[in-house]
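# Coordinate analysis (summary)
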Amino acid sequence: MNDCDAIRIGLSARLDGEDPGTSVDTLDHHLSGCAECRGWLAGAERVTRQARAHPVAVPDLTLSILAAVNADRRQRVDDAARNRRQILRIAVGVAAFVQLALAVPVLFNGGVGPHATREMASFDIALAVGFALAAWRPERARAFVPVAFVLAACLTLTSGFDIASAEVQLRHEAGHIAALVQAGLLWALGRGTVLRSPRTVAA
Ligand SMILES: [Zn+2]
């Protein structure tokens, strides 16, 4: 960088009201001896005056920036809801598969105990298919929620009768808790679908 370049950087800074980085005497001394820098300074002063007289219209981007920020936030909320729904779908699907895997052998071979009958296995298989459908098409999960809760309520009730008649087995109790868990999962899955549906339609 030669002298002129350094001086012009200082002159430019002084025009902008900033620290020139060199003493004013140095700048003026150079200007008095350098016609090229005097010409350059005259041009720079002209440009600066014009810029001050005709300020560039800066568009107000506040609204569009806020909109972009909101869209980004909505996107993150949507992503979180989608992840949550995926987890619920997997949970409902796995529950359906386990139920099916337990019920199908009973249907063909019969089971042990008063609850493990072919008739019960038939109901379990039908339910498992319902849960699997809900996992596959979550928007349909809501339709199964009342069914699942009525079943869970009835199982809890019969569990009470069983305890009263001392027929209770731990395995059956576990089955009743599983029914409650399934109903809860289904409810959560259906609920997530309801919350999202207006935006899904709009998209
Ligand atoms: Zn110069």
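This text follows the structure it describes.
For clarity, every value in this text was computed on a predicted model and none was experimentally measured. (Residues numbered from 1 in each chain as written. Predicted model: local features only at pLDDT ≥ 70, side-chain atom pairs only at ≥ 80, totals over all residues. Heavy atoms only, no water.)

### A closer look at the overall build of the protein chain
What the protein chain contains, in helices and strands, is seven helices and zero strands. Put simply, the protein chain has 203 residues, and 26% of those count as buried. In the protein chain, the proportion of contacts linking residues at least 24 apart, taken out of those at least 6 apart, comes to 64%. Here the protein chain displays about 13,600 Å² of accessible surface, and carbon together with sulfur accounts for 66% of that area. (Helix = DSSP H or I, 4+ residues; strand = E, 2+ residues; numbered from the N terminus. Buried < 20%, exposed > 50% of the residue type's maximum accessible area, 1.4 Å probe, protein only. Contact = heavy atoms within 4.5 Å. Areas by Shrake-Rupley, 256 points an atom, 1.4 Å probe, with all protein chains shown as cover.)

### Quick word on the coordination of the zinc ion
Surrounding the zinc ion are the protein donor atoms C4 (SG), H30 (NE2), C34 (SG) and C37 (SG), at 2.1 to 2.3 Å. Each of the four donor atoms bound to the zinc ion contributes to angles spanning 101 to 114°, and the resulting shape is tetrahedral. For the zinc ion, the donor residues sit on a single chain with the sequence spacing C-x25-H-x3-C-x2-C. Of this pair, C4 sits in helix α1 (residues 3–15) while H30 sits in helix α2 (residues 24–33), and the two are 26 residues apart along the sequence. Side by side, C4 and H30 carry an identical accessibility label, which is buried. (Donors = N, O, S within 2.8 Å, 3.2 Å for Na, K, Ca; no water. Tetrahedral: all angles 85-135°; square planar, octahedral: opposite > 155°, others 65-115°.)

### So, the packing of α1 against α2
Put simply, α1 and α2 touch, their axes get as near as 10 Å, and they point 120° apart. If you check the angle between α1 and α2, you find them oblique. The interaxial crossing formed by α1 with α2 has left-handed handedness. Together, D3, C4, I7, G10, L11 and R14 of α1 and V24, T26, L27, D28, H30 and L31 of α2 make up the contact between the two elements. The residue inventory of the contact of α1 with α2, partitioned by class, reads six nonpolar, three polar and three charged. (Axes fitted to C-alpha atoms, helices over the stretch in contact; angles between N-to-C directions. Parallel < 35°, antiparallel > 145°, perpendicular 65-115°, else oblique. Left-handed = near helix turned anticlockwise from the far one by under 90°. Nonpolar A, V, L, I, M, F, W, Y, C, P; charged D, E, K, R; others polar.)

### What about the nonpolar core?
Core analysis: the biggest nonpolar cluster contains 18 residues, and L88, V92, F131, A141, A148, L186 and L189 have the highest contact counts within it. For this core, the elements supplying multiple residues, two or more each, are α4 (62–109), α5 (118–136), α6 (141–164) and α7 (170–202). It is α7 that contributes the most residues to this core, six residues altogether. If near-sequence neighbours (up to four positions away) are discounted, L88 is found in contact with L185, A188 and L189. Counting residues in hydrophobic clusters, the runner-up holds eight residues, among them C4, L31, C37 and L41. (Core = buried A, V, L, I, M, F, W, Y, C linked by side-chain atoms within 4.5 Å.)

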